Amino acid sequence: MNKQISYRIFFYVLGLLILALGLTLNTKAGLGVSPIISVSYSVAQIFELNFGNTTMFLYCVFVLAQLVLHGIQWKLHPETDYRFVLLMDVLQIPLSLVFTRFLNLFGTFFPDLSAGAAGWTDRLPLRLVVLLLAILCTGVGAAMSLSMRIVPNPGGWYRPDPFGLHPPERGLYQKLL
């Protein structure tokens, strides 16, 4: 493996780590959560489930939905080779497993700042600082992992060309396959 691919993989994993830290801090600040994890966080809180495992389940649902949609797209356009797209869809499941383990790991280290609070203003300055740090980590982590273009995150796949007129760069994938 050449040096450029090694760097991309390193920064991709580092980006996932920073993104997981940001999302965990977001939940621990107790001032709301980002939209992509709001459903899994709410379900985990309501039913007292593990947040990382609930997120893993939701990401698997996202992957299944992508597989169905790409299957429909393949039936409409059978002349198109969708093996690469399906591979990227399937690789999102192990990515989700690693990512949600990061969420669980960080969740055990940081206390919930809203627990035991007398009201929403209790410890507000600290909670605001944690929230700002969470927003920064979420943005930096998402930018790092997306810009490496390795495996898309199930909840946040960015494709600048929704009609498939310009396929995404495949350089790294061809070298790895």
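Along every chain, residues carry numbers that run from 1 in the direction the sequence is written. Owing to the predicted nature of the model, reporting of local features is limited to residues with pLDDT of at least 70; listing and counting of side-chain atom pairs is limited to 80 or more, with chain, interface and lining totals taken over all residues. Only hydrogens and water are removed before side-chain values are computed, so all heavy atoms of the structure are retained for them.

Chemist: Give a detailed account of the nonpolar core, specifying residues and quantitative values.
Modeler: Within the largest apolar cluster, 26 residues are counted, with the highest numbers of intra-cluster contacts made by Tyr12, Leu16, Ala20, Leu23, Phe51, Phe99 and Leu103. Looking at this core, the elements that each hand over two or more residues are α1 (3-29), α2 (35-46), α3 (51-76), α4 (83-109) and α5 (124-147). If near-sequence neighbours (up to four positions away) are discounted, Ala20 is found in contact with Phe99, Phe102, Leu103 and Phe106. Only buried residues count toward a nonpolar core, which is a set of Ala, Val, Leu, Ile, Met, Phe, Trp, Tyr and Cys residues joined through side-chain atoms within 4.5 Å. Each residue is assigned to one of three classes by its accessible area relative to the maximum for its type, calculated with a 1.4 Å probe on protein chains only: buried under 20%, partly exposed between the two thresholds, exposed over 50%. Secondary structure follows DSSP: runs of H or I at least 4 residues long count as helices, runs of E at least 2 residues long count as strands, and numbering of each begins at the N terminus. Throughout, a residue-residue contact means that at least one pair of heavy atoms, one from each residue, lies within 4.5 Å.

Chemist: So, the confidence of the model for the chain: which residues are in play, and what are the values?
Modeler: On a scale of 0 to 100, pLDDT captures the predictor's confidence in every residue. Summarising the model, the chain shows a mean pLDDT of 84, and 86% of its residues fall at 70 or more. Here residues 158-166 scores under 50 on pLDDT; set against residues more than four positions off or in separate chains, the count is five contacts. Confidence drops under pLDDT 50 across residues 170-177; counting only partners more than four residues distant or on other chains, this segment forms 14 contacts.

Chemist: If you had to explain the pattern of salt bridges to someone new, which residues and values would you point to?
Modeler: Salt bridges, as used here, are contacts in which a Lys or Arg side-chain nitrogen is within 4 Å of a carboxyl oxygen on Asp or Glu. Summed over the entire model, instances satisfying the criterion amount to one salt bridge. A salt bridge links Asp122 to Arg123; the shortest N-O distance between them is 4.0 Å. Here Arg123 falls in the partly exposed class, since its relative accessible area comes to 33%.

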